[in-house]
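Given next are the chains, with one letter for each unit.
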Amino acid sequence: EKIEGALQAALDDLSENNWAEAATGIMTTDTLPKGASRQFQHDGVTITVTGISKGAGMIRPNMATMLGYIATDAKVAPAVLKDLLLDGANKSFNRITIDGDTSTNDCCMLIATGKADVAEVTETRGPLFDALKKAVFEVCMEVAQAIVRDGEGATKFVTVQVNGGGNHQECLDVGYAVAHSPLIKTALFASDPNWGRILAAVGRAGVPNLDVSLIDVYLDDVCIASKGGRNATYTEAQGSAVMAQEEITIRIDLGRGDCSETIWTTDLSHEYVKINAEYRT
């Protein structure tokens, strides 16, 4: 009844300028609205891609508490639109995690209004498709990463990059093992360069026949572990300097192949515990 009673007022307030209001309206524990937009020219016509997202906690696809709405005024065939969304989401919304927890109300959609005076995109190739794909991917990435940057209680934005995998799945397995480790996430909050916790997470990721002697671990460009042990030239001061930053990259080289994957996550702070201890349904 509440929804039905509000529908007419919502319809009466429809406007192409209401993106900010919509981004604010879908917030829950978010601290700020999230949005991004890109424009490009094709045959003298300006084409726009705009998106908004919502999410701050219970974030880990599949079925996370996140919402993402991307729209373009280009004309795009439904099959092409689906391919664009799947590809864009798999490298953005499906590569973020805050706490490894999930919910049952996620949604990500890509809408094409067709209002731009350009030919319809009917194939996944050509200059117009390439430009549209680039814009869609950039918007998806920005609003997905905005969810991580606004993670509940987060003080750090962390990139987990896994290189040298034998296949993409084992890179993701390692990345998520690191990103979901409470010990690593609390060490990040404490700015503690604890390389042992990172190697332990890699070891329990379930990668078959893992050879620890091939593994190197970096904090940004500082090699903290080499061949499965502490790097001989590494100093605690080097690691502490990186960990004090608000943005950190943990790079893991498995030495098994040519596959790579990247995941974005946060630290785990006192504030996260407080928010979720006080939360009431």
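Residues numbered from 1 in each chain as written. Predicted model: local features only at pLDDT ≥ 70, side-chain atom pairs only at ≥ 80, totals over all residues. Heavy atoms only, no water.

Q: What should I look at first to understand the pairing of strand β1 (residues 34-42) in this one?
A: Each regular strand carries side chains that alternate between the two faces of the sheet. With nine bridges joining them, β1 and strand β2 (residues 45-54) adopt antiparallel strand pairing. Bridge pairing links Q39 to T48 in β2. Between β1 and the antiparallel strand that follows it, β2, lie two residues; D43 among them carries a positive phi value of about 55°. (Pairing = 2+ DSSP bridges. Helix = DSSP H or I, 4+ residues; strand = E, 2+ residues; numbered from the N terminus.)

Q: Looking at this model, I keep getting lost on the UniProt feature "binding site: substrate" (unreviewed entry) in the chain. Mind explaining?
A: Under the UniProt annotation, "binding site: substrate" (unreviewed entry) lies at T28, K54, T65, E152, N276 and T281. In this fold, K54 is placed in strand β2. Residue K54 is classed as buried on the basis of its relative accessible area of 4%. (UniProt positions renumbered as here; feature names shortened; annotations may be inferred. Buried < 20%, exposed > 50% of the residue type's maximum accessible area, 1.4 Å probe, protein only.)

Q: Help me understand the sheet that holds strand β8 (residues 229-230), please; the structure alone is not making it clear to me.
A: Sheet strands line up and pair through hydrogen bonds in the backbone, either parallel or antiparallel. Spatially, six strands are ordered β8-β7-β6-β9-β5-β10 in an open sheet, and the strand pairing comes out mixed. Only two strands of the sheet have a single neighbouring strand rather than two, namely β8 and β10 (259-266). Relative to β10, strand β5 (residues 157-165) is paired through seven bridges, and the arrangement is antiparallel. Within β10, the position partnered with G165 by the bridge is C259. Where helix α6 (residues 182-189) meets the sheet, its contacts fall on β5, β9 (247-253) and β10, and the angle it forms with β10 comes to roughly 60°. Across the sheet, helix α8 (residues 236-243) lies against β6 (216-219), β7 (222-226), β8 and β9, angled at about 55° from β6, the strand it touches most. (Contact = heavy atoms within 4.5 Å. Axes fitted to C-alpha atoms, helices over the stretch in contact; angles between N-to-C directions.)

Q: Quick question: what am I supposed to make of the UniProt feature "active site" (unreviewed entry) in the chain here?
A: According to UniProt, the positions carrying the feature "active site" (unreviewed entry) are T65. Within the secondary structure layout, T65 lies in the loop between β2 and β3 (67-72). Those residues in contact with T65, other than ones at most four positions away along the chain, are K54, G55, G57, M58, I59, S103 and N105.

Q: I keep staring at the side chain of S103 and nothing clicks. Help me out?
A: Mapped onto the secondary structure, S103 falls in the loop between α3 (78-90) and β4 (107-112). Here N105 takes part through its side chain, which lies 3.3 Å from a polar atom of the side chain of S103. Excluding anything up to four places from it in sequence, S103 contacts M58, M63, A64 and T65. (Polar contact = N/O pair within 3.5 Å; in protein donor to acceptor, adjacent residues only side chain to side chain.)

Q: What am I meant to see in the nonpolar core here?
A: By size, the foremost hydrophobic cluster in this structure holds 37 residues, and its most contacted members are F93, I96 and L132. A per-element tally of this core places helix α4 (residues 127-149) first, with eleven residues. Those residues within four positions of L132 in sequence are excluded, and the remaining contacts are F40, V49, T72, A74, V76, L84 and V121. Within the second largest apolar cluster, 33 residues are counted, among which are L172, A179, A205 and I215. (Core = buried A, V, L, I, M, F, W, Y, C linked by side-chain atoms within 4.5 Å.)

Q: Help me understand the packing of α6 against helix α7 (residues 195-203) in this model?
A: Any two packed helices are characterised by the angle at which their axes cross and by the distance between the axes. Where α6 meets α7, the closest approach of the two axes is 9 Å, and the angle between their N-to-C directions is 155°. On the basis of their axis angle, the class for α6 and α7 is roughly antiparallel. As for how α6 packs across α7, the hand of that crossing is left-handed. Taking contact as the criterion, the partners of L183, I184, T186 and A187 in α6 are, on α7, R197, I198 and A201. The class makeup of the residues in the contact of α6 with α7 is five nonpolar, one polar and one charged. (Parallel < 35°, antiparallel > 145°, perpendicular 65-115°, else oblique. Left-handed = near helix turned anticlockwise from the far one by under 90°. Nonpolar A, V, L, I, M, F, W, Y, C, P; charged D, E, K, R; others polar.)

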